[in-house]
Amino acid sequence: MIGQLVGARRWRTKRALKAARMLDEVVDTQLPLLASFDEDRRRRSADYLAELVKLAQDYRYFAHGWIDAKELDRRGHQAMAKLNKLREDPTARLITD
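Novice: Requested: an account of the overall build of the protein chain, with residues and values cited.
Specialist: A count of helices and strands for the protein chain gives 3 helices and 0 strands. Sequence separation of 24 or more characterises 72% of the internal contacts of the protein chain that already satisfy a separation of 6 or more. Looking at the protein chain as shown, the accessible area adds up to about 6,900 Å², and 57% of this sits on carbon and sulfur atoms.

Novice: Which residues make up helix α2 (residues 39-63), and what are the values?
Specialist: Between its terminal C-alpha atoms α2 stretches 36 Å, which fits the 36 Å expected from 25 residues at 1.5 Å a residue. Here α2 starts with a cap whose side-chain oxygen sits 3.1 Å from the backbone nitrogen of Asp-40, and that cap is Asp-38. Note on α2: the residue one or two positions beyond its end, Gly-65, has a positive phi of about 80°.

Novice: Lay out the pattern of salt bridges in plain terms, naming residues and giving numbers.
Specialist: Taken as a whole, this structure holds 7 salt bridges when the rule is applied. Of the charged contacts in the structure, one is a salt bridge between Asp-40 and Arg-43, with a shortest N-O distance of 3.3 Å. A residue pair is termed a helical-turn pair when its members lie 3 or 4 positions apart in one helix, as Asp-40 and Arg-43 do in helix α2 at 3 residues. Classification of Asp-40 as partly exposed rests on a relative accessible area of 37%. One continuous salt-bridge network, built from bridges that share partners, spans Asp-58, Glu-71, Arg-74 and Arg-75.

Novice: Please provide a residue-by-residue account of helix α3 (residues 69-87), values included.
Specialist: With 19 residues, α3 extends 26 Å between its outermost C-alpha atoms, agreeing within 8% with the 27 Å of an ideal straight helix rising 1.5 Å per residue. By the burial criterion, the buried members of α3 are Leu-72, Gly-76, Ala-79, Leu-83 and Leu-86. Angularly, the buried residues of α3 cover 85° about the axis, an arc narrow enough to put them on a single face. Of the exposed residues in α3, those oriented more than 90 degrees away from the buried face are Lys-70, His-77 and Lys-85.

Novice: Talk me through the packing of aromatic side chains; I want residue IDs and the actual numbers.
Specialist: One pass over the full model with this rule turns up 1 aromatic pair. Between Tyr-61 and Trp-66, the ring centres sit 5.7 Å apart and the planes meet at 50°, which makes this aromatic pair tilted. For Tyr-61, a relative accessible area of 27% translates into the label partly exposed. The positively charged end of Arg-41 is found above the aromatic ring belonging to Phe-37, 4.2 Å away from the centroid.

Novice: Account for the environment of Ala-50, naming residues and giving values.
Specialist: Along the chain, the position of Ala-50 falls in helix α2. Once the C-alpha coordinates of Ala-50 and Val-27 are considered, the two residues, 23 residues apart in sequence, prove to be 8.4 Å apart.

Novice: I'd love a proper account of the nonpolar core, names of residues and values included.
Specialist: Counting residues in hydrophobic clusters, the biggest one holds 13 residues, and the most contacted among them are Leu-23, Tyr-48, Leu-49 and Leu-52. At 5 residues, α2 tops the list of elements feeding residues into this core. Ala-16, Phe-62, Ile-67 and Leu-72 belong to the second largest nonpolar core, which has 5 residues in total.

The rules behind these values
Residues numbered from 1 in each chain as written. Predicted model: local features only at pLDDT ≥ 70, side-chain atom pairs only at ≥ 80, totals over all residues. Heavy atoms only, no water. Helix = DSSP H or I, 4+ residues; strand = E, 2+ residues; numbered from the N terminus. Contact = heavy atoms within 4.5 Å. Areas by Shrake-Rupley, 256 points an atom, 1.4 Å probe, with all protein chains shown as cover. Expected span 1.5 Å × (residues − 1). Polar contact = N/O pair within 3.5 Å; in protein donor to acceptor, adjacent residues only side chain to side chain. Salt bridge = Lys/Arg side-chain N within 4 Å of Asp/Glu carboxyl O. Buried < 20%, exposed > 50% of the residue type's maximum accessible area, 1.4 Å probe, protein only. Arc of directions from axis to C-beta. Phe/Tyr/Trp six-rings, centres within 6.5 Å; stacked < 30°, edge-to-face > 60°. Lys NZ or Arg CZ within 6 Å of the ring centre and 35° of its normal. Core = buried A, V, L, I, M, F, W, Y, C linked by side-chain atoms within 4.5 Å.

Set out below in structure tokens:
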């Protein structure tokens, strides 16, 4: 029983760190594109990327046991709400036309 709990925790930790790395990769890939945007689009796109950075950090907090799954879920929903709001603005799109 205890071995199963430790194994499940280790699996959740690995999964959370993998999610954080994936979000970091998205940010690292998109960041160089900001230089080609006009000031307004660059600012909004930077806000979008900042949300992804914060979410990646929240996954790391969870992996280290600093927040629980419920708090990670709350923060994830909050981040998604913010990203959806930013996504509604077509000038904040991260992909160049």
